[in-house]
There are 2 protein chains.
Amino acid sequence: MTLAEYIATFVDPEFKFENLPFKVEEKLFLKNDIITNYNKIEDKIYFLNKGVCQLKLQKNDEDKILDFFFLGDFFSSYSSLLLQKPSDVQITALTNVTVFIIKAQELMNVYQHSLLANKLGRVATERLFLKKVKREKDLLTKTAEERYNDLIKESPEVILRIPLKNIAMYLGIKPESLSRIRKRLLT
Amino acid sequence: MTLAEYIATFVDPEFKFENLPFKVEEKLFLKNDIITNYNKIEDKIYFLNKGVCQLKLQKNDEDKILDFFFLGDFFSSYSSLLLQKPSDVQITALTNVTVFIIKAQELMNVYQHSLLANKLGRVATERLFLKKVKREKDLLTKTAEERYNDLIKESPEVILRIPLKNIAMYLGIKPESLSRIRKRLLT
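Residues numbered from 1 in each chain as written. Chains lettered and ligands numbered in written order. Predicted model: local features only at pLDDT ≥ 70, side-chain atom pairs only at ≥ 80, totals over all residues. Heavy atoms only, no water.

This paragraph deals with the pairing of strand E7 (residues 89–93) of chain B. Residue and element names in this part refer to chain B. With five of its five residues buried, E7 lies for the most part within the structure. Burial along E7 is two-sided: Val89, Ile91 and Ala93 and Gln90 and Thr92, pointing in opposite directions, are all buried. The pairing of strand E4 (residues 53–59) with E7 spans five bridges and is classified as antiparallel. When the bridges of E7 are listed, Gln54 appears paired with Thr92. (Buried < 20%, exposed > 50% of the residue type's maximum accessible area, 1.4 Å probe, protein only. Helix = DSSP H or I, 4+ residues; strand = E, 2+ residues; numbered from the N terminus. Pairing = 2+ DSSP bridges.)

See below:
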């Protein structure tokens, strides 16, 4: 889904790209590039045009993956941006990635007066909220195997483009446990 | 924090209550009243004027508390409302509670044209998102004792107004474990 399709689908069916109320800059990140690093105060929001990204939380020595992002997702170290505090997460490109970059400072200015920008900000944040709540409920009620099944059903590209050890880190299990789950599902 | 103060603080410093772009109806719930029940499609958003509420997820026989709400919080079975699906959570009053009720259908209509409503919806959703992300990170990186400490620091009213077994359900531990934590902290 392109940004224009996103806005036409979720915000305004009449939307045309030339009516976008803020500038976007297209940028390429290479596989393994760091997009937002730990301790940086986030100053951008990204719209993913191609590729897969991950968002990682540092926990002592053991990292936790909190999110994967795909085509048509907005992403950002959003808590850092909203609170203007150093980021406790790191966003990296898992593949070569192209994004639209929206500068937070410009967006905040546009939010003062633009109905479209506020609708888009509201809807995009609603979708981020839904994703977080779903993850919280799933972690509390489903087994790792059920959550793995959901993941490949919702995002079949996951298994193709994300290393197994990263999927295990997202599910909160050891890579060996994920291998056992996959073997069970294949037989 | 009143609704007018909330909007003046987070949305528009010039805001006056008579400019509210949608109707609110004040309502009293008694302690233990169900505000939104399982399987209902949520059609309201609440602003909490007085008291404490909780949001609970049913998991087989064992319930999980996902959220507490206090004075100045917006709350709702928000995933149900946004997706128009039956609620998998239940919201109840832990004390006598007064709320402002906003009808979702009216809000959706007002969202079409009102800059203020969209700003408010965006900001309120940003704050709900921040709370969810904080909870996810805390569950992954902090012990139950650290999370209990945070809870009483951020919301001192928690320990005064919420039964211990509910706090334990929120922290994801047994009531006996919470009693041990509290004894340790008092000595």
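How big an interface is tends to be stated in terms of the accessible area lost upon association of its parts. Between chain B and chain A, the contact holds 31 residues from the first and 31 residues from the second. Between chain B and chain A, roughly 3,100 Å² of surface is buried when both sides are summed, and carbon and sulfur atoms account for 69% of that area. Looking at the side of chain B facing chain A, the largest losses of area belong to Arg122, Phe129 and Lys137 of chain B, adding up to 20% of the total buried there. For the interface between chain B and chain A, the tally reads six salt bridges. Linking Asp88 of chain B and Lys137 of chain A is a salt bridge whose minimum nitrogen-to-oxygen distance equals 2.8 Å. Applying the counting criterion to the chain B and chain A interface returns 10 residue pairs in polar contact (both at pLDDT 80 or more). When residues of the side of chain B that touches chain A are traced back to their parent elements, those giving at least two are E4, strand E5 (62–69), helix H2 (78–83) and helix H4 (115–141) of chain B. With 17 residues, H4 of chain B is the single largest residue contributor to the side of chain B that touches chain A. Of the residues belonging to the side of chain B that touches chain A, the class tally is 13 nonpolar, eight polar and 10 charged. (Contact = heavy atoms within 4.5 Å. Buried area = accessible area lost by both parts, 1.4 Å probe. Salt bridge = Lys/Arg side-chain N within 4 Å of Asp/Glu carboxyl O. Polar contact = N/O pair within 3.5 Å; in protein donor to acceptor, adjacent residues only side chain to side chain. Nonpolar A, V, L, I, M, F, W, Y, C, P; charged D, E, K, R; others polar.)

A few words now on the sheet that holds strand E7 (residues 89–93) of chain A. Residue and element names in this part refer to chain A. Taken together, the four strands give an open sheet; going across it, the order is E2-E7-E4-E5, and neighbouring strands pair in antiparallel fashion. On the outer flanks of this sheet lie strand E2 (34–36) and strand E5 (62–69), each paired with one strand and no other. The mean angle between the axes of side-by-side strands here comes to 35°, regardless of whether they run parallel or antiparallel. Direction of pairing for E2 relative to E7: antiparallel, over a ladder of two bridges. Pairing of Ile34 across the sheet is with Thr92, part of E7. (Axes fitted to C-alpha atoms, helices over the stretch in contact; angles between N-to-C directions.)

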